[in-house]
Amino acid sequence: MDRGKKSMNRWTIINRKKIEERIFKCLMVASSLIILAVLLLILATVIVRGLPTLSLAMLTQVPRGGYYLGQGGGVANAIVGSLLVCAGAIGLAIMLSLPTVLYLNVYARKSSPFASFTRFSFDVLWGVPSIVYGAFGFAIMLFFGLRTSLLGGILAVTFLILPIMSRTMDEVVRMVPAELLEVSYCLGATKLEAALRVVIRQSLPGLLTAVLIAFGRGVGDAASVMFTAGFTDYIPTSLLRPAATLPLAIFFQLGTPIPEVQNRAYACAFILTVIILMISVGSRLLSRKFTKHNLR
Amino acid sequence: MDTSSSSLSQSQLSHQLSQPLPSDQTAALQGQPSPALIGLLQGSRLIKDKLAAASMLFLTIGSSLMIFLIALQLYQRSRPILAMKGLAELLFSSSWRPLRGEFGFFPFIMGTLWVTAVAVIIAVPLCLLTAIYLSEYAPRMVREWARPLVDLLAGIPSVVYGLWGILVIVPLIKNYIAPAFGTFSTGYSVLAAGIVLAIMIFPVIIHVSVEVFGSIPYEMREAALSLGATGWQTVKYVVLRKAMPGIIAAVVLGLSRAFGETMAVLMVAGNVARVPSSLLGPAYPLPALIANSYGEMLSVPLYDSALLLASLILLAIVLLFNILSRLILIRVERNIQ
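Residues numbered from 1 in each chain as written. Chains lettered and ligands numbered in written order. Predicted model: local features only at pLDDT ≥ 70, side-chain atom pairs only at ≥ 80, totals over all residues.

1. Some remarks on the overall build of chain B
Selection criterion: Put simply, DSSP marks the helices as runs of H or I at least four residues long and the strands as runs of E at least two long, and each gets a number from the N terminus on. Any residue surrounded by 20 or more other C-beta atoms within 10 Å of its C-beta is treated as buried, while 12 or fewer makes it exposed and the intermediate range makes it partly exposed; C-beta atoms here are placed from the backbone.
Of the regular secondary structure elements, chain B holds 14 helices and two strands. Scored against the burial criterion, the 337 residues of chain B give a buried share of 39%.

Rendered as structure tokens:
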């Protein structure tokens with residue numbers, strides 16, 4: 001009798017844990033499906049609403065008079081502006097972050113408090129909202145007496161992507177085995193030569209991926225360029241002219257009450273998404289292609 | 001064998017070193033450098049190294065001080081308004097009338113907190129369950145497809161999410177959710193912003209947590225399973241416990257992303273400068289305020305200073321988050337070991 005009760009108990013326990021397992025598995029599959037559905041729905045929305053409005057003129061022409069009232073023209077100003085701002089920012093950020101990362105990993109000692117402080121400060125900077133970088137860029141421009149310009153946009157986006165690029169590069173360079181460095185020192189290389197010829201070559205695919213991740217983040221960000229790069233209907237001809245950017249073009253076109261112009265916002269969103277997806281896929285392919293030269 | 005070859009190369013080297021000074025550079029290029037040239041080359045290599053080290057150190061110090069530079073610059077610019085009003089009044093006053101010189105940030109701070117809280121409450125359970133499914137249960141095929149897809153979606157710009165929020169979430173709330181609760185809402189609300197933000201931080205949290213779950217040694221799971229634990233029990237008692245620090249890090253990352261997100265929130269939150277009273281009412285988070293009023297800020301006195309103070313507040317809260325999460329991480333890690 002007693003024994004039977006005990007085994008009953010055990011059975012209910014086993015049943016309970018099986019039921020719990022079932023319930024949670026259902027929950028997991030359900031939440032995975034919800035997330036997948038939502039994310040696919042977003043992509044689908046952008047494609048369905050954006051693709052019909054997309055035309056060659058949109059890609060190659062600047063807005064003509066009355067563009068924001070539904071007249072002809074395109075968003076070439078924003079496409080070129082976005083690419084220019086990002087290219088400039090990427091260049092500046094590489095010049096700042098590559099030496100920093102090499103210093104942290106080749107020159108600084110492994111457990112130096114300075115290195116860990118630098119990493120922490122990059123982690124904090126990574127979390128700083130892009131609008132704060134925009135405001136900071138704006139404050140600096142006030143300081144130097146600049147107006148909204150391509151240069152201002154480049155500076156703000158540089159600040160935005162610098163921590164992202166540095167931390168990603170740092171993770172990659174850290175993976176370079178210490179033995180490789182030791183071998184190059186044994187051959188008489190200075191630290192600089194080891195850094196430039198061994199570390200960079202070994203971690204090149206990862207470094208490229210870091211650059212592309214930063215590019216994707218920079219190209220899609222609107223808040224940082226809002227105050228700093230401004231907006232214009234023309235392709236910027238010098239660093240001191242304002243520059244249009246794609247995210248802001250989307251934002252402004254959506255702000256108009258005319259449905260045709262709003263549809264163009266979706267077309268711009270489609271262009272932007274395609275640019276970013278291309279970068280993302282490109283970085284995957286690149287990293288696969290370059291890894292074959294690596295020592296393992 | 002080994003020693004003989006090395007001595008051979010040494011003798012070659014000393015032979016080369018003892019060559020007379022070449023008359024022109026072509027001789028040097030042909031592999032007969034002079035001692036003086038070698039000395040110069042050595043010296044220049046060392047000098048280059050020293051120079052590079054110094055300039056790299058300079059750049060590193062520079063970029064590690066950037067956070068202070070930003071804080072200092074924003075503080076400098078927001079001093080005029082801090083000189084006029086007390087910080088407590090600015091932070092806790094609810095009256096926002098820039099034209100009359102009244103700048104109370106309380107509604108905006110509350111708006112930010114509400115929207116972020118809603119986003120995190122929606123996103124964290126869904127993302128954790130999905131991450132557990134992907135790393136513990138899902139077949140290989142699904143896993144290999146899901147990860148790149150999640151990464152791709154992490155790259156979609158926030159404006160696009162905002163656009164989608166206007167198109168789908170706002171009408172949904174206006175036409176279905178608000179009537180279901182017997183109230184009226186324009187749809188531009190705390191809830192809409194929270195949902196859009198939650199969707200934006202899905203990829204971030206999932207990516208980091210899958211990575212964290214993947215780093216837990218498989219032997220630990222095997223031990224639990226061999227003791228008769230079910231899959232879920234293994235997850236509950238072993239995997240989740242071991243992964244706790246990583247999960248906290250993932251959630252903080254998502255949180256700070258949601259916190260500072262500007263454009264998507266600006267597009268769907270409604271932007272009414274009042275302390276939000278319900279989920280279906282409008283909110284006006286800080287980043288949206290900054291982005292929305294840049295047009296007029298140079299024409300109203302103290303307005304620009306107030307906006308830069310708003311960015312300083314954002315920066316301070318993000319810093320606080322980071323330091324707090326660091327401390328929690330250190331404590332949790334100590335408890336686990």
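Having seen it, we continue.
2. Structural notes on the overall build of chain A
As a reminder of what qualifies: We compute the radius of gyration over the C-alpha atoms and compare it with the globule rule, which gives 2.2 Å times the number of residues raised to the power 0.38. Placing a C-beta atom from the backbone of each residue, one calls two residues in contact when those atoms lie within 7 Å.
Counting its secondary structure elements, chain A contains eleven helices and zero strands. Secondary structure elements in chain A, listed N-terminal to C-terminal, are α-α-α-α-α-α-α-α-α-α-α. Over its C-alpha atoms chain A spans a radius of gyration of 26 Å, topping by over 25% the 19 Å that the globule rule assigns to 296 residues. The principal-axis extent of the C-alpha atoms belonging to chain A is close to 90 × 65 × 40 Å. In chain A, which comprises 296 residues, the proportion classed as buried is 45%. In chain A, the proportion of contacts linking residues at least 24 apart, taken out of those at least 6 apart, comes to 75%.

3. Remarks on the domain arrangement of chain A
Residue and element names in this part refer to chain A. Where we set the bar: The source of the domain bounds is an automatic or database domain assignment. Residues are grouped as follows: Ala, Val, Leu, Ile, Met, Phe, Trp, Tyr, Cys and Pro are nonpolar; Asp, Glu, Lys and Arg are charged; all remaining types, including Gly, are polar.
By the assigned domains, chain A splits into domain 1 (2-50) and domain 2 (77-293). One C-alpha centre belongs to domain 1, the other to domain 2; they are set 40 Å apart. With four residues of domain 1 at the interface, the matching set in domain 2 holds six residues. Looking at the side of domain 1 that touches domain 2, its residues break down into two nonpolar, one polar and one charged.

4. Looking at the interface of chain B and chain A
With 62 residues of chain B at the interface, the matching set in chain A holds 64 residues. With 13 residues, the top contributor of residues to the side of chain B that touches chain A is helix H3 (residues 35-64) of chain B. Taken together, the residues of the side of chain B that touches chain A break down into 41 nonpolar, 16 polar and five charged.

5. Quick notes on the environment of Leu 51 of chain B
Residues and elements named next belong to chain B. Structurally, the position occupied by Leu 51 is in helix H3. We classify Leu 51 as exposed; it has 11 C-beta atoms within 10 Å. Sequence spacing of Leu 51 and Ser 78 is 27 residues, and the spatial spacing of their C-alpha atoms is 39 Å.

6. A look at helix H11 (residues 231-260) of chain B
The following threshold applies: One less than the number of residues in a helix, times 1.5 Å, gives the span that helix is expected to have. To get the bend at any residue, fit one axis to the seven residues that end at it and another to the seven that begin at it, then take the angle between the two axes.
For H11 of chain B, spanning 30 residues, the distance from its first C-alpha to its last is only 37 Å, which falls clearly below the expected 44 Å at 1.5 Å a residue. Maximum bend of H11 of chain B: about 60°, positioned at Met 244 of chain B, with proline Pro 245 of chain B one to four residues after it.

7. As for the confidence of the model for chain B
All names here are of chain B. Definition in use: pLDDT is defined as a per-residue confidence score from the predictor, taking values between 0 and 100.
Considering every residue of chain B, the mean pLDDT works out to 81; 90% of them sit at 70 or more. Confidence, read as mean pLDDT per element, is least for helix H1 (residues 2-17) in chain B (42) and greatest for helix H6 (residues 106-137) (91). With a pTM of 0.82, the predicted complex shows an ipTM of 0.80.

8. Here's the deal with the nonpolar core
Defined as follows: Note on terminology: a nonpolar core is a set of buried residues of type Ala, Val, Leu, Ile, Met, Phe, Trp, Tyr or Cys, with members joined through C-beta atoms within 7 Å.
Cys 268 and Ala 269 of chain A together with Val 196, Leu 197 and Val 268 of chain B are the most contacted members of the largest nonpolar core, which has 180 residues in total. The residues contacting Leu 197 of chain B, other than those within four sequence positions of it, are Val 115, Ala 119, Ala 258, Glu 261, Ala 264 and Val 265 of chain B.

9. Some points on the environment of Leu 37 of chain B
Relative to the assigned elements, Leu 37 of chain B resides in helix H3. Distance in space between the C-alpha atoms of Leu 37 of chain B and Leu 59 of chain B is 32 Å, their sequence separation being 22 residues.

10. What about the packing of helix H3 (residues 76-107) of chain A against H3 of chain B?
The condition is simple: For helices, the fitted line uses only the C-alpha atoms of the stretch in contact; every axis is such a line through C-alpha atoms, and the angle between N-to-C directions lies from 0 to 180 degrees. For classification, angles of less than 35 degrees are called roughly parallel, those exceeding 145 degrees roughly antiparallel, those between 65 and 115 degrees roughly perpendicular, and all remaining angles oblique.
Across the interface, H3 of chain A lies against H3 of chain B with an axial gap of 8 Å and an inter-helix angle of 110°. Between H3 of chain A and H3 of chain B, the angle falls in the class roughly perpendicular. Residue-level inspection shows Leu 96, Pro 99, Thr 100, Leu 102, Tyr 103, Leu 104 and Tyr 107 of chain A of H3 of chain A in contact with H3 of chain B, the latter providing Ala 53, Ser 55, Met 56, Leu 57, Leu 59, Thr 60 and Ser 63 of chain B. Of the residues belonging to the contact of H3 of chain A with H3 of chain B, the class tally is ten nonpolar, four polar and no charged.

11. Topic: the environment of Gln 71 of chain A
Tracing the chain through its elements places Gln 71 of chain A in the loop between helix H2 (56-60) and H3. Along the backbone, Gln 71 of chain A and Gly 220 of chain A are 149 residues apart, and their C-alpha atoms lie at a distance of 26 Å.

12. A word on unusual backbone geometry
Phi is positive for Asn 271 of chain B, close to 55°, though the residue is something other than glycine. Tracing the backbone shows Asn 271 of chain B in the loop between helix H12 (263-268) and helix H13 (286-292).

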